[in-house]
Amino acid sequence: TLFSWVFLGMEKLVACPYKRPNALCRLICFPWAGGGASQLAQWGKLFSSSIEVSSVRLPGRESRLKEPFAKDMTTAVNEITSILLEELQEKPFAFFGHSFGSYISFAVALHLKEKYGLEPIHLFVSGAHAPNSEAFRPIKNIPISDTEDEDILTYIQILGGTPSELLQNEDIKEHLILTFREDIRLLQTFSFEKAERNIPFSCDITCFNGSEDKPHDSEAWHDLTSGDISFYKLPGGHFYLLEPSNEIFLTKHITRCIENAGL
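In this text, all values refer to a predicted model and were calculated from it rather than measured experimentally.

Rules behind the numbers
Residues numbered from 1 in each chain as written. Predicted model: local features only at pLDDT ≥ 70, side-chain atom pairs only at ≥ 80, totals over all residues. Heavy atoms only, no water. Helix = DSSP H or I, 4+ residues; strand = E, 2+ residues; numbered from the N terminus. Rg over C-alpha atoms; globule rule 2.2 N^0.38 Å. Buried < 20%, exposed > 50% of the residue type's maximum accessible area, 1.4 Å probe, protein only. Contact = heavy atoms within 4.5 Å. Areas by Shrake-Rupley, 256 points an atom, 1.4 Å probe, with all protein chains shown as cover. Lys, Arg positive; Asp, Glu negative; His and termini not counted. Charge placed at Lys NZ, Arg CZ, Asp CG, Glu CD. Arc of directions from axis to C-beta. Disulfide = S-S within 2.5 Å. Pairing = 2+ DSSP bridges. Axes fitted to C-alpha atoms, helices over the stretch in contact; angles between N-to-C directions. Core = buried A, V, L, I, M, F, W, Y, C linked by side-chain atoms within 4.5 Å. Expected span 1.5 Å × (residues − 1).

A. Region of interest: the overall build of the protein chain. Looking only at helices and strands, one finds 9 helices and 7 strands in the protein chain. Against the 2.2 N^0.38 benchmark of 18 Å for 263 residues, the protein chain shows a C-alpha radius of gyration of 17 Å, consistent with a compact globule. Here the C-alpha coordinates of the protein chain stretch approximately 50 × 45 × 40 Å along the principal axes. Residue burial in the protein chain is summarised as follows: out of 263 residues, 54% are buried. Here the contacts in the protein chain between residues at least 6 apart in sequence split such that 80% fall between residues at least 24 apart. With the model as given, the accessible surface of the protein chain reaches about 12,600 Å², and the carbon-plus-sulfur share is 53%. Of note, the protein chain has its 24 positive side-chain charges centred 5 Å away from the centre of its 35 negative side-chain charges.

B. How the structure looks around helix α6 (residues 149-159). All of the buried residues in α6 are Ile152, Leu153, Ile156 and Leu159. The arc enclosing the buried residues of α6, seen along the axis, measures out at 125 degrees, which places them on a common side. Exposed side of α6, more than 90 degrees from the buried face: Glu150 and Ile158 are the residues found there. On its buried side, α6 packs onto α7 (164-167) and α8 (170-188). Phi turns positive one or two residues past the end of α6, at glycine 160, with a value near 80 degrees.

C. Fine view of the state of the cysteines. Across all of its chains, the model carries 0 disulfides by this definition. Cysteine 25 forms no disulfide, and the closest cysteine sulfur to it belongs to cysteine 29, at a distance of 11 Å. Residue classification places cysteine 25 among the buried residues on the basis of a relative accessible area of 0%.

D. Just the environment of glutamate 174, in detail. Looking at where glutamate 174 falls in the secondary structure, it is placed in helix α8. Relative accessible area serves as the criterion here: at 52%, glutamate 174 is assigned to the exposed category. Measuring from C-alpha to C-alpha, the distance between glutamate 174 and histidine 129 comes to 28 Å, with 45 residues separating the pair along the chain.

E. Layout of the sheet that holds strand β4 (residues 93-98). Spatially, 7 strands are ordered β1-β3-β2-β4-β5-β6-β7 in an open sheet, and the strand pairing comes out mixed. On the outer flanks of this sheet lie β1 (14-15) and β7 (229-234), each paired with one strand and no other. Relative to strand β3 (residues 51-56), strand β2 (residues 25-30) runs parallel, the two being bridged by 5 bridges. Bridging across to β3, isoleucine 28 finds its partner in serine 54. The strands touched by helix α3 (residues 73-90) are β1, β2, β3 and β4; relative to β2, the strand with the most contacts, the crossing angle is about 160 degrees. Across the face of the sheet, helix α9 (residues 244-260) comes into contact with β2, β3, β4, β5 (122-126), β6 (204-210) and β7 while running at roughly 175 degrees to β6.

F. Quick look at the nonpolar core. Within the largest apolar cluster, 79 residues are counted, with the highest numbers of intra-cluster contacts made by Leu27, Trp43, Phe96, Trp221 and Ile254. Here this core gets 9 residues from one element, more than from any other, and that element is helix α4 (residues 100-116). Setting aside residues up to four positions removed in sequence, tryptophan 43 forms contacts with Cys29, Val53, Phe96, Leu241, Glu247, Leu250 and Ile254.

G. Highlighting α9. Relative to the 24 Å expected for 17 residues at 1.5 Å per residue, α9 spans 24 Å between its end C-alpha atoms, a close match to the ideal helical length. Looking at α9, one finds that the buried residues are Asn246, Leu250, Thr251, His253, Ile254, Thr255, Cys257 and Ile258. Buried residues belonging to α9 abut β2, β3, β4, β5, β6 and β7. Where α9 ends, the next residue or the one after it, glycine 262, has phi of about 65 degrees, a positive value.

Following this line, the structure appears as structure tokens:
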């Protein structure tokens, strides 16, 4: 039946350990490259009962380990949308994405807006360039198939966010490198060219960054919404959001934004 397909799809695609059927709003989180859903799904316990937190799990990781990686951005976006659509139509939702997850959340939001006229009440992006900025272009040119495993591993270590003891395990390390490689390749299949005078969104956008992270070009988000844009720098590097004190700031701030959206 359709119900069981959606339910099974949901269990597979979305981690939501803290279910809140009476929540006013859903916060859907999109993890970083190489990452799984479990870490951001734990945010559920930090939020009040008015917000239900879930986190998207792409194929090729965690409980979807045996599935082939998504072959391109369109495939990934279509899968996420088809499974989440019914939920997103029934109550307001907001998106939070970190790094690679920011681009996925943007691509999903764009598809929802263009195809279904649905829009998040707020878009929270973290550690990412605006997808219409010049700074995003070099990502497209990383020669991902020619890049040595060692170089990818070095990059993963520079970014941080992966416990070093995990990298001591050969199987885990190999799989992480593979997943990271596939996620970058996925990103390279995403093309967004903003049409003149066409502003895709009307929701507010908040951009978070780590103060020690390399600078991101967030300014260009201004061209993507008619809503308000705000910028916050929090202490730390690319994975500043894993610091408990920053987690508290993020959850409080996200809650305030959602509550101010007048649901």
